[in-house]
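Listed below are the residues making up each chain.
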Amino acid sequence: MPTTTQAPPVRGAPCWVNLLVRDPLAARAFYTAVLGWEFDDSGPLGESFSVASADGRPVAGIGARSPSLAAPTVWTPYFCSTDLDGTVARIRERGATVAVGPIAVGDGRAAIAADRDGAVFGVWEGTAPLWPTAAAAAPPWLELRTRDAFEAALFYGEVFSWPRPGPDGIDVAYEEERIVARVAGRPVAVLSGGGVESAPDPAVRPRWAVHFAVDDVPRAAEKAVRAGGAVFPAPGPVSSAPLAEAGIGTRAAEYVVRDPEGALFTVSSR
């Protein structure tokens, strides 16, 4: 986890996203082609971890995964904590799983967990991570797609103290069948799925989805296909065939992209 001297993010708010891959050079080439990112590997973890920047602002990290690790390639969101041991204890107390940590990483400490429905997320404690959460030029925003959004909101609310008043507060509201967490009026996390006004949806595979904002969504989808990825006009999948055959352009506001190693992310309109 790289660090910076920017103002610390809000406690309990998203503060970073990481991707561990088998081939970091290929991953960097893909995300440069699709999102125009620039990479810097001069941080405390050296060449094994690169920080991606867009428009001069750090947005994400891509690192090398151990060859012996059989886990799928996924984007992992991290939430800020000022008491990692206490946060980890609350995760376990509420029936969820802590898979890794707390462990020392660079100038801080981290843990990786799965909530009660299996959605994977991380927790970070230490020198401020790279995201200034309430900045006007915002980093990615996160969406939890789960079976029961209301139950998930209770879990994350208890773990990260949502909602919380005050200057570092997090507001939580139910809007348009989704639960939205905001910092300084800006949405930073959205929880969607069955269970708010209906029965939980057993067909949903719970996961945190990372949304990256782009100026031209169809063009970003086209670049992803040309770079070896696949594109899914939400919510159903299409192949990585030429865009005319794949139906690109039918929903310009948002597309799900699968990179060559299988990691999913979303490109959304600014």
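The structure presented is a predicted model; accordingly, all values stated were derived computationally and were not measured.

Q: Can you lay out the pairing of strand β5 (residues 75–80) for me, pointing to particular residues and giving the numbers?
A: In terms of residue burial, β5 counts as a mostly covered element, since 6 of its 6 residues are buried. Going residue by residue along β5, you find Trp75, Pro77 and Phe79 tucked away on one face and Thr76, Tyr78 and Cys80 tucked away on the opposite face as well. By the bridge criterion, 5 bridges tie strand β1 (residues 14–21) to β5 in an arrangement that is antiparallel. The residue of β5 that forms the bridge with Asn18 is Thr76.

Q: Can you lay out the sheet that holds strand β6 (residues 97–105) for me, pointing to particular residues and giving the numbers?
A: In a beta sheet, neighbouring strands pair by backbone hydrogen bonds and run either parallel or antiparallel. The 8 strands lie next to each other as β2-β3-β4-β1-β5-β8-β7-β6, forming an open sheet whose pairing is mixed. The open sheet has two edge strands, β2 (38–40) and β6, and neither has a second partner. In this sheet, neighbouring strand axes are inclined to one another by 30 degrees on average, regardless of whether the strands run parallel or antiparallel. By the bridge criterion, 3 bridges tie β2 to strand β3 (residues 49–54) in an arrangement that is antiparallel. In the strand pairing of β3, Phe39 is matched with Ala52.

Q: Please provide a residue-by-residue account of the nonpolar core, values included.
A: Soluble globular proteins: nonpolar side chains tend toward being buried together. Within the largest apolar cluster, 61 residues are counted, with the highest numbers of intra-cluster contacts made by Tyr31, Trp37, Trp75, Phe121, Tyr156, Leu191 and Trp208. When residues in this core are grouped by element, the largest group, 7 residues, is from helix α3 (residues 149–160). If near-sequence neighbours (up to four positions away) are discounted, Leu191 is found in contact with Leu144, Ala149, Ala152, Ala153, Tyr156, Trp162, Arg178, Ile179 and Trp208. Residues Trp16, Val51, Tyr78 and Cys80 belong to the second largest nonpolar core, which totals 9 residues.

About the cut-offs
- Residue positions within a chain follow its written sequence, with the count starting from 1.
- In view of the model being predicted, local features appear only for residues whose pLDDT reaches at least 70, and side-chain atom pairs are presented and counted only at 80 or more, with totals across whole chains, interfaces and linings using the full set of residues.
- In computing side-chain properties, one takes all heavy atoms of the structure into account and sets aside hydrogens as well as water.
- Buried residues are those whose accessible area, probed at 1.4 Å on protein chains only, stays under 20% of the maximum for their type, while exposed residues exceed 50% and partly exposed ones sit between those limits.
- To qualify as a helix, a DSSP run of H or I must reach at least 4 residues; to qualify as a strand, a run of E must reach at least 2; elements of each kind are numbered from the N terminus.
- Note on pairing: DSSP must find at least two bridges between two strands before they are called paired.
- Every angle, taken between N-to-C directions, lies between 0 and 180 degrees, and every axis is a line fitted to C-alpha atoms, over only the stretch in contact when it is a helix.
- Nine residue types can take part in a nonpolar core, namely buried Ala, Val, Leu, Ile, Met, Phe, Trp, Tyr and Cys, and a core is a set of them joined through side-chain atoms within 4.5 Å.
- Here a residue-residue contact requires only that any non-hydrogen atoms of the pair lie within 4.5 Å.

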